[in-house]
Amino acid sequence: MSNKQRYFRCFDGCRTAAVNSTTPLFRSYSASTQLLQQTPTLGQYDNPSRYLTPHPSNNITPHIASLVGRDLHLRPSHPIGIIRSKIQEYFISLSQSTQTNYEIFDAEDPIVTAQQCFDDLLIRPDHPGRAPSDTYYVTDSTLLRTHTSAHQSQHLRSGVDAFLCSGDVYRRDEIDATHYPAFHQMEGVKLIDPTVVCGENDISGEEWLKSPECQQVQDDLKLTLEGLMDHLFGPTTQKRWNDDYFPFTQPSFELEIMYEGEWLEVLGCGVIHEDVLQLSNRGDRRGWAFGLGLERLAMILFKIPDIRLFWTQDERFHSQFKEGCIVEFQPYSKYPPVFKDIAFWTSTIKESDDEKSVKEFVENDFFDLVRSTAGDLAERIELIDSFTHPKTGRSSRCYRISYRSMDRSLTNEEIDELQFKLRDLCPSLGCELR
Ligand code: PHE
């Protein structure tokens, strides 16, 4: 896992053109009723000016703002929409056999408060995932959700006992074939029937964790998710559970499946932490939660090799997919990449002992700068060299950027032009070109 924070997994993202409509938005609909008749309005949040505020804490780039509201997960014949429906279909089938009726929330606002995204989930103020180097802030207290868990507490608080919540999430991250700063997740939450397992008045803390009731919640969680994997990948799929850590679940697990000879991590989950339930005024109940990345599953199931493809407008991509069908993606082309290197000092010379205030280089700022300049033509960025000068103490980095279009051949001239623009912008990050 490339990300430093354990709860920030790398299930990454996608997009298509937004469709505006004036029909009212359905906030929630029940999984036991007909899904398609109640699909939420597409493009509801497609409005870059909502995200590009003049607030000093705002670090959202125009590129990111242009991704919000494209609602790939709600497009019935987009791979992300197909996977979302397929998962919901499984939970609908469960509502018949287990009497659990999952409410569905597919159109929550991607702007959430730090309280929803972090505090309600026991993610402490100093957690690295909250830093502006990792998260896109709209203001100092509102942000683009970094995971769909941001909606857990609000639905629990409003009295919902079981739900699925899907949507686009945003994280500042590296650039390669499986990482994109926007992607989609689905959250699932179920509180157990209180006549079977309940909370508060019973046991808590260590005693709860060791109890047969806690084990019962884990068993129900694992059984449910193993069934989901069989539904998606076939009944003979090999699975394995590993212990994991998330601040908001205890115990926590990750599920891996064997796919074409490799173990692939597909989701994170756990028994909802008793303090999360308390904070949502549901301390009398117990339950489980999971979160999975829709791109991750779609890349495996449709054999889509590059995460940027989800966002392409190219008909050669979209014409391959139909509602309800999982088919293998046929690459329509592989255009050659263009490589360019860029090298810079990431700190200035210390001229005297009384150091000047130096702008600290943040790698994710550089990745965002490349995306802002080159958009989806940036395929991959690799750090190919770094060293610290023994005398001056200055640090240097050299990055190799691969530019490649999914849809056409690039000319050296157009990439040179982008590279010049990038070089002009680098000093704004506190680096000095070499
Ligand atoms: N929100 C977690 C993530 O993004 C996944 C998760 C959801 C884990 C619910 C446990 C319970 O990585």
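Details of the structure are given in the entry above.
What counts, and where the lines are drawn
Residues numbered from 1 in each chain as written. Predicted model: local features only at pLDDT ≥ 70, side-chain atom pairs only at ≥ 80, totals over all residues. Helix = DSSP H or I, 4+ residues; strand = E, 2+ residues; numbered from the N terminus. Buried ≥ 20, exposed ≤ 12 C-beta atoms within 10 Å, placed from the backbone. Core = buried A, V, L, I, M, F, W, Y, C linked by C-beta atoms within 7 Å. Contact = placed C-beta atoms within 7 Å. Expected span 1.5 Å × (residues − 1). Pairing = 2+ DSSP bridges. Axes fitted to C-alpha atoms, helices over the stretch in contact; angles between N-to-C directions. Parallel < 35°, antiparallel > 145°, perpendicular 65-115°, else oblique. Left-handed = near helix turned anticlockwise from the far one by under 90°. Nonpolar A, V, L, I, M, F, W, Y, C, P; charged D, E, K, R; others polar.

Which parts of the structure should I look at to understand the overall build of the protein?
When helices and strands are tallied, the protein shows 11 helices and 14 strands. Buried positions account for 39% of the 434 residues belonging to the protein.

Would you mind showing me how to read the nonpolar core here?
The nonpolar side chains of a soluble globular protein tend to be buried with one another. Grouped together as the largest cluster of nonpolar side chains are 76 residues, with contacts concentrated most on F163, L225, C269, W288 and A298. Residues contacting L225, with those up to four places away along its chain left out, are L255, L267, C269 and F290. With 13 residues, the next largest nonpolar core counts I175, V338, A378 and Y403 among its residues.

What is the right way to read helix α2 (residues 79–98) from this model?
For an α-helix the count is 3.6 residues per turn, leaving residues at separations of three or four pointing the same way. Between the first and last C-alpha of α2 there are 28 Å, a value that for 20 residues agrees with the 28 Å anticipated at 1.5 Å per step. Listed in full, the buried residues belonging to α2 are P79, I80, G81, I82, I83, R84, I87, F91 and I92. Tucked inside the fold, the buried residues of α2 contact β5 (162–170), β6 (182–191), α6 (212–233) and α8 (294–301). Remark: Q99 follows α2 within two positions and exhibits a positive phi of approximately 65 degrees.

Would you take a moment to explain the pairing of strand β11 (residues 338–345) for this structure?
If a strand is regular, its side chains alternate between the two faces of the sheet. Relative to strand β13 (residues 395–403), β11 runs antiparallel, the two being bridged by eight bridges. In the sheet register, I342 faces β13, and the bridge partner there is Y399. As defined by bridge partners, β11 adjoins strand β14 (residues 432–433) across two bridges and the pair is classed as antiparallel. If you follow W345 over to β14, its bridge partner there is E432.

Would you explain the sheet that holds strand β12 (residues 378–388) in this entry?
Hydrogen bonds between backbone groups are what pair the strands of a sheet, and the pairing can be parallel or antiparallel. The sheet built from four strands is open, its strands ordered β12-β13-β11-β14 with antiparallel pairing. A strand with exactly one partner marks an edge of an open sheet, and here the two such strands are β12 and β14. Contacts from helix α10 (residues 363–374) reach β12 and β13 within the one sheet, and its direction differs from that of β12 by about 140 degrees. Strands in contact with helix α11 (residues 412–425) are β11, β13 and β14; relative to β11, the strand with the most contacts, it is inclined by about 15 degrees.

Quick question: what am I supposed to make of the environment of V217 here?
Following the sequence through the fold, V217 ends up in helix α6. Between the C-alpha atom of V217 and that of I192, which follows or precedes it by 25 residues, the distance is 7.3 Å. Each residue touching V217, except ones within four places of it in the same chain, is listed here: I192, V197, V271, R286, G287 and W288.

Mind showing me how you'd approach the environment of R171 here?
By the element assignment, R171 lies in the loop between β5 and β6. Distance from R171 to F183, taken between C-alpha atoms, is 8.4 Å for residues 12 residues apart in sequence.

I keep staring at the environment of H273 and nothing clicks. Help me out?
Topologically, H273 is positioned in the loop between β9 (262–272) and α7 (274–279). Sequence-wise, H273 and G287 are 14 residues apart; in three dimensions their C-alpha atoms are separated by 8.8 Å. Sequence-distant contacts of H273, defined by excluding residues within four places in its chain, comprise L122, F248, T249 and Q250.

I would appreciate a short explanation of the packing of α10 against α11 in the present structure.
A packed helix pair is summarised by two numbers, namely the angle formed by the two axes and the spacing between the axes. Here α10 crosses α11 at 140 degrees, and the two axes come no closer than 10 Å. When the interaxial angle is binned, α10 and α11 end up oblique. For the crossing formed where α10 meets α11, the hand is right-handed. Here L369, V370, T373 and A374 of α10 come into contact with α11, specifically with L418, K421, L422 and L425. In terms of residue class, the contact of α10 with α11 is made up of six nonpolar, one polar and one charged.

Please explain the pairing of β12 as it appears in this structure.
Of the pairings in the sheet, the one linking β12 to β13 comprises nine bridges and is antiparallel in character. Following the sheet pairing, D385 is matched in β13 by C398. Turn length for the β12-β13 hairpin, with the two strands adjacent in sequence and antiparallel, is six residues, and the turn residue G393 shows positive phi of about 75 degrees.

Everything listed here is a matter of coordinates, which is why it stays silent on function.
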